[in-house]
Each structure stands twice: as C-alpha cells, then as structure tokens.
Amino acid sequence: MELIQQTTDLSAYLAADEAVDHHHPVVREAAARLAGQVADSYAYAQAAYEFVRDTIPHSADSGDPRVTWRASDVLRLRTGICHAKAHALAALLRAEDIPAALCYQRLLHDDEGGHAVHGLVAVRFHGAWHRQDPRGNKPGVDARFRLDGERLAWTPDEESNEMDYPVLYAEPHPAVLRALRAAPDREALRKTLPTAL
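Here the structure is a predicted model, which means the values were calculated and not measured. (Residues numbered from 1 in each chain as written. Predicted model: local features only at pLDDT ≥ 70, side-chain atom pairs only at ≥ 80, totals over all residues. Heavy atoms only, no water.)

Asks: Explain the sheet that holds strand E3 (residues 115-125) here, please?
Replies: Within a sheet, adjacent strands bond to each other through the backbone by hydrogen bonds, running parallel or antiparallel. Spatial strand order, E4-E3-E2-E5: 4 strands in an open sheet with antiparallel pairing. In the strand order of this sheet, the two ends are held by strand E4 (128-132) and strand E5 (163-164), each with one partner. The pairing of strand E2 (residues 100-108) with E3 spans 9 bridges and is antiparallel. Its bridge partner being in E3, Cys103 is matched across the sheet by Leu120. Sheet strands touched by helix H5 (residues 82-95): E2 and E3. Its angle to E3, the strand with the most contacts, is close to 10 degrees. (Pairing = 2+ DSSP bridges. Helix = DSSP H or I, 4+ residues; strand = E, 2+ residues; numbered from the N terminus. Contact = heavy atoms within 4.5 Å. Axes fitted to C-alpha atoms, helices over the stretch in contact; angles between N-to-C directions.)

Asks: Before we go on, may I ask you to explain the packing of aromatic side chains in this structure?
Replies: Here a ring pair, both rings aromatic, is described through the centre-centre distance and the interplanar angle of the planes. Enumeration over the complete set of coordinates arrives at 5 aromatic pairs. On the numbers, 5.7 Å between centres and 65 degrees between planes, the contact of Tyr104 with Tyr169 is edge-to-face. Taken together, the residues span a long stretch of sequence, with Tyr104 in strand E2 and Tyr169 in the loop between strand E6 (167-168) and helix H6 (174-182) at a distance of 65 residues. By relative accessible area, which is 2% here, Tyr104 ends up buried. Counting every residue linked through ring pairs, the aromatic cluster contains Tyr42, Tyr49, Phe125 and Phe145. (Phe/Tyr/Trp six-rings, centres within 6.5 Å; stacked < 30°, edge-to-face > 60°. Buried < 20%, exposed > 50% of the residue type's maximum accessible area, 1.4 Å probe, protein only.)

Asks: Before we go on, may I ask you to explain the packing of helix H1 (residues 25-35) against helix H2 (residues 41-55) in this structure?
Replies: Axis angle and axis distance: for two packed helices, these are the angle between their axes and the distance between the axes, and together they describe the pair. One way to put it is that H1 packs onto H2 with a least axis distance of 9 Å and a crossing angle of 125 degrees. It follows that H1 is oblique to H2 by the angle criterion. The way H1 lies across H2 gives a crossing that is right-handed. Contacts between H1 and H2 involve Ala31, Arg33, Leu34 and Ala35 from the former and Tyr44, Ala47, Ala48 and Phe51 from the latter. Taken together, the residues of the contact of H1 with H2 break down into 7 nonpolar, no polar and 1 charged. (Parallel < 35°, antiparallel > 145°, perpendicular 65-115°, else oblique. Left-handed = near helix turned anticlockwise from the far one by under 90°. Nonpolar A, V, L, I, M, F, W, Y, C, P; charged D, E, K, R; others polar.)

Asks: What's the story with unusual backbone geometry in this structure? I'm lost.
Replies: Residues apart from glycine generally show negative phi values, whereas peptide bonds are mostly found in trans. Even without glycine at this site, Arg78 takes up a positive phi of about 60 degrees. Summarising the element assignment, Arg78 is placed in the loop between helix H4 (71-77) and H5. On the basis of relative accessibility, which here comes to 34%, the residue Arg78 falls in the partly exposed class. A positive phi is found at His126, a non-glycine position, where the angle reads about 55 degrees. Tracing the chain through its elements places His126 in the loop between E3 and E4. With a relative accessible area of 78%, His126 lands in the exposed category.

Okay, here's the thing in structure tokens:
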C-alpha cells in the first residue's frame with residue numbers, strides 16, 4: 001500500500017497541536033530522558049516506540065476506565081487506548097525533530113461483526129514513511145519497531161471488511177479526536193469510536 005501524505009508540507013508532521021502536545025514539559029522531559037540513553041535518531045525512535053508500547057498499558061488490556069487523548073496526559077497517567085498511545089508516540093518523535101504522522105486501520109471490534117478505527121503512527125526515515133503500532137503487545141499480538149517491513153499488531157482481513165487507510169495525517173482525525181474528547185470513560189468510548197473514516 002502506498003502511504004499518502006495529507007499535506008506535502010513536511011513541517012506539519014513536526015508541529016505541536018492540542019493532542020500531540022510535544023511542547024508540554026511532561027513530553028519534553030520524557031523525550032530528553034530517552035534521548036540521553038541512545039546514540040542517534042533511529043535508536044531514539046525505537047526507544048520512544050518501545051517506551052510507549054511497553055510502559056504505558058493499553059487501557060482495554062489493563063481494565064483502566066480512564067480516557068486520555070493528549071500525549072502529555074497519556075505519559076503522565078500511564079494509560080490510553082491505541083489512539084492515545086499513538087498521540088504520545090508522535091509527540092515523543094516530534095519532540096526530537098523526527099517527522100511523525102497519525103494513520104489508521106479499520107478492524108473488527110467485537111464478535112458480532114462490528115468495526116472500529118485503530119490508531120497507528122508512521123515515522124519518516126531516509127525519505128520514506130514506516131508505520132508502527134504502539135498499542136502494546138499481549139498474547140496473539142507481537143508488534144515491533146521496523147523500518148524494513150511492517151510488524152503491526154494486526155493485518156486487515158479484506159474478507160471481514162477490514163482495511164488500511166493510506167492517508168498520513170498531521171493531526172488526529174477529527175472524528176477520532178471528537179470521540180476521545182467527549183467520552184466520560186472507556187466503556188462509553190467503545191460505543192462512540194468511529195467504525196470507519
């Protein structure tokens with residue numbers, strides 16, 4: 001699949017916004033700590049990915065009812081669903097001047113055939129975008145940071161009406177952000193997340 005930038009202006013993928021708030025002290029502190037432990041930007045990107053994937057539990061896996069959506073809140077409260085964790089990873093990457101985009105998949109959401117939009121991040125290295133899935137591993141899910149081919153949590157099944165969306169967004173998709181901001185808890189969010197983009 002060919003990934004398509006929402007805008008040709010690469011600086012948009014370095015910008016801070018309300019959700020990807022990499023100017024926030026919590027994000028800056030985490031970025032500085034990670035950067036101090038590695039030798040180059042590639043190692044930093046991998047360290048940031050593994051930090052978000054492994055130290056911030058996916059709230060559905062941990063049973064945490066709180067809904068986070070700002071990167072700084074995800075890092076401070078140590079919880080979030082896939083979209084929130086993607087915002088956190090994008091903020092950490094952008095904090096160190098590594099272009100990061102938000103991208104999405106449509107996946108089966110439950111056993112009754114319902115779908116939900118799943119959040120990913122794409123990182124830009126060597127003139128190309130590479131999608132990453134920081135949602136967190138669990139039995140049956142083994143996502144990894146890769147630039148030489150994707151290792152995402154899931155591969156969409158076209159027969160189940162699942163799909164990859166090719167657009168690389170500079171800011172969170174408005175429908176996703178609206179659902180996150182309005183949800184009083186994760187159970188309510190489960191019912192209001194978009195089923196398609």
